[in-house]
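A look at the structure
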Amino acid sequence: MSAALATPAIEQQDRRFGYLMAAPSLLALFLVILFPILFTLYTSAFDYTLIQPTHDVFVGLDHYTNALDNAEFGQALWVTLWFVGAVVILEFVIGFTVALMLNTVERGKNVYYLILLFPLLMNPVVVGLIWRMFLHPVLGIVNYLLSLVGIGAVNWLGDPQNAFWTLVMVDIWHQVSFMVVLLLAGLSALPREPYEAARMEGASTLQTFLHVTLPLMRPVIMVTLLIRLIFAVRTYDLIYIMTRGGPGQATDLVSYFIYRQAFVGLNIGEAAALSIILLLIVLALTVYLYRYMRSLA
Amino acid sequence: MAGNDIRLEHVSKVYPPDVKAVDQIDLTVRDGELMILLGPSGCGKSTTLRMIAGLEAVTAGDLYLGEHRINDVDPKDRNLAIVFQNYALFPHMTVAGNLGFGMRIRGHGRAEIEAKVRETAAMLGIAELLGRKPRELSGGQRQRVALGRALIRDPVAYLLDEPLSNLDAKLRSTMRTELIKLHRRLGRTIVHVTHDQVEAMTMGERICIMKDGRIVQVGAPMEVYRNPASTFVAGFLASPPMNLLDAQIEAGRDGRLRVVCGRLALSLPSADTGAYAAWRDREVILGIRPEDIHEHPMQPTMQPVEVQVVALEALGPEIILVAGLPGAAEISARMGASFAAPIGEVLRLYIDPADIQLFDPTTTNAIPRRAQTVSSDAA
């Protein structure tokens with residue numbers, strides 16, 4: 001065998017060995033991720049309910065057209081949009097402010113990090129339960145503390161006006177450190193020289209922030225915002241624990257709405273169609289994020 | 001001329017807990033002068049420059065610009081421009097944006113900024129790059145933009161922090177020449193920090209050599225080269241550096257003082273006898289520049305020394321002969337391009353005792369040869 005032919009044979013062997021090594025994880029991925037997605041996609045085209053769990057009645061795209069006509073689903077999308085917009089913007093503003101302040105801290109940075117990371121490490125279910133106790137209209141500590149300064153009891157989760165913003169507030173408490181940690185990492189990695197150059201030119205703090213920090217931080221900011229956005233769209237646990245989408249539809253996020261269709265309405269086929277819509281939304285955001293990160297490299 | 005002298009009086013920089021980066025230095029950079037701060041890394045030269053710029057606070061001592069003490073003056077009010085080693089361009093701005101940044105910050109009009117940017121870019125030959133971002137530029141082009149950002153300001157002095165060290169050798173020598181031309185044209189003070197002795201020798205009107213946070217010697221390049229104040233300066237300037245050999249001063253049979261190093265013995269010029277008398281029968285360090293060792297006795301005062309050829313390093317225009325002194329260390333000698341000798345051969349070379357330098361082995365400082373050369377100009 002000539003040397004020129006020998007290399008591909010070895011390469012082929014390597015390739016086969018590679019596939020062999022990857023096979024178990026590929027199989028696992030197929031079983032737990034790809035199969036459920038394909039099954040959902042398939043089911044979304046049938047009248048599949050928990051009363052009659054069969055793929056007997058083919059309905060084509062009916063579930064999709066119904067969903068888009070459904071005012072309740074439209075409302076859920078609307079609430080989700082508001083919720084995502086509110087938490088991402090507020091968490092960014094608070095997170096960036098805190099990150100800028102922490103960036104100037106010299107001593108005890110690790111202590112701040114630890115405190116900040118604490119909520120992030122908690123399970124959303126735990127966070128929901130804790131806050132539900134804190135915010136209990138009669139027994140909660142929040143209303144007790146407010147009563148000490150003469151403010152009357154607030155119905156945090158029972159009032160449609162309050163419930164949405166209460167959830168936003170709890171989500172901020174839970175997730176803002178994600179922004180802080182990422183943005184702080186970005187800030188501390190910025191080069192020192194452009195700041196010194198700006199200082200020599202006589203730029204004020206605000207000018208330095210606008211002309212140096214913000215443009216230099218743009219990639220980090222974009223990635224942080226998009227990741228947070230994608231996760232916020234899928235918020236479910238907090239809603240389930242704290243409000244169950246109520247009162248009325250005040251906190252009815254899409255993921256919770258889908259849950260209701262499936263396990264309260266027992267209409268798996270329609271829930272599957274809604275899940276696919278949500279998947280497409282998240283997928284579009286992810287593709288955009290991926291493209292953006294690629295363009296930075 | 002004292003209008004815009006930069007004067008450092010007992011200036012120190014101490015980083016907590018007590019790292020002395022700069023230790024009580026005194027230095028005057030005259031208005032319009034091109035001063036080089038030279039030294040190995042960590043000698044405090046960049047820190048000194050950054051203190052002048054105002055980017056580092058002065059721990060102790062006084063810093064003057066002209067008659068004004070500027071220790072506590074904000075960097076922007078010192079009217080100094082700095083060029084950073086890695087250029088510190090704003091990556092998100094075009095070349096024009098980078099050049100005009102300072103003027104925009106200070107609120108100049110758009111038309112005025114544009115005119116000034118064009119003028120500066122033309123001067124540096126980067127007019128066609130104005131629309132590009134820094135990442136689309138080569139190292140040399142970025143360097144010009146960084147320089148341009150300083151030039152556009154018309155400051156009292158330019159502070160250059162190793163601006164050429166990121167360039168390749170060829171570009172570095174081109175930029176060196178351009179900086180000298182620029183200095184001549186602008187007539188402004190330039191303080192240029194470098195660890196490159198070639199840069200220092202070729203560019204500087206005066207060189208300030210620093211070591212361990214202190215100034216070792218200040219003077220014109222050739223003056224420092226010919227009369228190094230210590231073995232550090234002798235060994236730092238030029239490549240190959242001055243040969244430094246352990247030696248003794250003895251009285252010869254004819255009564256004249258000799259410097260003896262192994263079997264090398266040079267009778268000292270009678271004019272220097274007075275200066276060296278105190279060193280009789282004591283250890284010294286003998287310094288000889290490689291170019292002061294000759295193949296032929298060109299002067300009657302030259303004295304022969306026998307050496308054995310160890311290696312030849314051909315550099316093109318010249319050949320560096322590495323030779324062993326019998327019973328002593330190896331020395332380097334600069335020979336003509338046509339020099340040839342087999343390895344191991346014993347040769348006779350010639351040294352003029354008037355060219356040698358003697359150093360005190362305990363302080364490593366130069367031993368003054370005659371009374372009048374004592375005057376140092378560490379001012």
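Residues numbered from 1 in each chain as written. Chains lettered and ligands numbered in written order. Predicted model: local features only at pLDDT ≥ 70, side-chain atom pairs only at ≥ 80, totals over all residues.

Notes on the overall build of chain B
Looking only at helices and strands, chain B has 9 helices and 20 strands in total. In terms of overall dimensions, chain B has a C-alpha envelope of 80 × 45 × 40 Å along the principal axes. Of all intrachain contacts in chain B linking residues separated by at least 6 positions in sequence, the fraction that spans at least 24 positions is 65%. (Helix = DSSP H or I, 4+ residues; strand = E, 2+ residues; numbered from the N terminus. Contact = placed C-beta atoms within 7 Å.)

Let's talk about the overall build of chain A
For chain A, the count of helices and strands is 12 helices and 0 strands. Reading chain A from its N end, one meets helices and strands in the order α-α-α-α-α-α-α-α-α-α-α-α. Projecting the C-alpha coordinates of chain A onto the three principal axes gives extents of approximately 70 × 70 × 30 Å. In chain A, which comprises 297 residues, the share counted as buried stands at 27%. Looking at chain A alone, contacts between residues at least 24 apart form 69% of all its contacts between residues at least 6 apart. (Buried ≥ 20, exposed ≤ 12 C-beta atoms within 10 Å, placed from the backbone.)

With respect to the sheet that holds strand β6 (residues 80-83) of chain B
One key point about sheets: their strands pair by backbone hydrogen bonds, in either a parallel or an antiparallel sense. Residues and elements named next belong to chain B. What the 6 strands build is an open sheet, ordered β6-β7-β8-β3-β9-β10; its pairing is mixed. Two strands bound the open sheet, and with one partner strand each, they are β6 and β10 (214-219). If you compare each strand with its neighbour and ignore which way they point, the axes differ by 15° on average. Summarising the sheet, β6 and strand β7 (residues 157-161) pair through 4 bridges and their orientation is parallel. Bridge pairing links Ile82 to Leu159 in β7. (Pairing = 2+ DSSP bridges. Axes fitted to C-alpha atoms, helices over the stretch in contact; angles between N-to-C directions.)

Re the nonpolar core
By size, the foremost hydrophobic cluster in this structure holds 104 residues, and its most contacted members are Leu159, Val191 and Cys208 of chain B. Three or more residues apiece are contributed to this core by two domains, here domain 1 (2-234) and domain 2 (235-374) of chain B. Formed by 35 residues, the second largest nonpolar core is a distinct cluster that contains Phe73, Leu135, Phe164 and Ala271 of chain A. (Core = buried A, V, L, I, M, F, W, Y, C linked by C-beta atoms within 7 Å. Domains from an automatic or database assignment.)

Section: the packing of helix α7 (residues 160-188) of chain A against helix α9 (residues 205-233) of chain A
A pair of packed helices can be characterised by two numbers: the angle between their axes and the separation between those axes. Residue and element names in this part refer to chain A. Where α7 meets α9, the closest approach of the two axes is 9 Å, and the angle between their N-to-C directions is 160°. What the angle tells us is that α7 and α9 run roughly antiparallel. Helix-helix and strand crossings are classified by hand; for α7 and α9 the assignment is right-handed. Together, Phe178, Met179, Leu182, Leu183, Gly186 and Leu187 of α7 and Met217, Val220, Thr224 and Arg228 of α9 make up the contact between the two elements. Taken together, the residues of the contact of α7 with α9 break down into 7 nonpolar, 2 polar and 1 charged. (Parallel < 35°, antiparallel > 145°, perpendicular 65-115°, else oblique. Left-handed = near helix turned anticlockwise from the far one by under 90°. Nonpolar A, V, L, I, M, F, W, Y, C, P; charged D, E, K, R; others polar.)

A word on the interface of chain B and chain A
Counting residues at the interface gives 15 residues for chain B and 13 residues for chain A. Put simply, the parts of the chain that give the side of chain B that touches chain A at least two residues each are β6 and α2 (95-105) of chain B. In terms of residues, the side of chain B that touches chain A owes the most to one element, α2 of chain B, which gives 3 residues. Residues of the side of chain B that touches chain A, tallied by class, amount to 10 nonpolar, 3 polar and 2 charged.

Details of the sheet that holds strand β4 (residues 60-65) of chain B
Residue and element names in this part refer to chain B. Taken together, the 4 strands give an open sheet; going across it, the order is β2-β1-β4-β5, and neighbouring strands pair in antiparallel fashion. Looking at which strands have only one partner, the edges of the open sheet turn out to be β2 (19-29) and β5 (68-69). Here 7 bridges tie strand β1 (residues 6-15) to β2, and the two strands are oriented antiparallel to one another. Bridge pairing in β2 links Val14 to Lys20.

Describing the pairing of strand β11 (residues 243-251) of chain B
Residue and element names in this part refer to chain B. Pairing of β11 with strand β14 (residues 283-288) involves 6 bridges; the strand directions are antiparallel. By the bridge assignment for β14, Leu244 is matched with Gly287. In terms of strand pairing, β11 meets strand β12 (residues 257-261) through 4 bridges, oriented antiparallel. Bridge pairing links Glu250 to Arg258 in β12. Taking the residues between adjacent antiparallel strands as the criterion, β11 and β12 are bridged by 5 residues, where Gly255 takes a positive phi near 90°.

Structural notes on unusual backbone geometry
Between Pro16 of chain B and the following residue, Pro17 of chain B, the backbone shows a cis peptide bond with an omega angle of 0°. Among the structural elements, Pro17 of chain B can be located in the loop between β1 and β2. Here Ser239 of chain B and Pro240 of chain B are connected by a cis peptide whose omega angle stands at -5°. Here Pro240 of chain B lies in the loop between α8 (231-236) and β11. Non-glycine residue Leu266 of chain A carries a positive phi angle of around 60°. Here Leu266 of chain A is to be found in the loop between α11 (254-263) and α12 (268-296).

Concerning the domain arrangement of chain B
Residues and elements named next belong to chain B. Taken domain by domain, chain B comprises domain 1 (2-234) and domain 2 (235-374). Taken together, the contact pairs 13 residues of domain 1 with 15 residues of domain 2. Residue assignment for the side of domain 1 that touches domain 2 shows that the elements contributing at least two residues are α6 (197-203), α7 (221-226) and α8. For the side of domain 1 that touches domain 2, the element with the most residues is α8, which contributes 4 residues.

With respect to the confidence of the model for chain B
Residue and element names in this part refer to chain B. In the predicted model, chain B carries a mean pLDDT of 87, and 97% of its residues have values of at least 70. Considering only residues more than four positions removed or in separate chains, one finds that residues 371-379, a stretch of pLDDT under 50, has 10 contacts. At the level of chain-chain contacts, confidence expressed as ipTM amounts to 0.74, with global pTM at 0.76. (pLDDT = per-residue confidence, 0-100.)

Description of the packing of helix α3 (residues 71-103) of chain A against α9 of chain A
All names here are of chain A. Two elements in contact, α3 and α9, have axes whose closest approach is 9 Å; the angle formed by their N-to-C orientations is 145°. The crossing of α3 and α9 is right-handed. Contact residues: α3 offers Thr80, Val84, Val87, Val88, Glu91 and Phe92, while α9 offers Leu225, Arg228, Leu229, Ala232 and Val233. Here the contact of α3 with α9 is built from residues that sort into 8 nonpolar, 1 polar and 2 charged.

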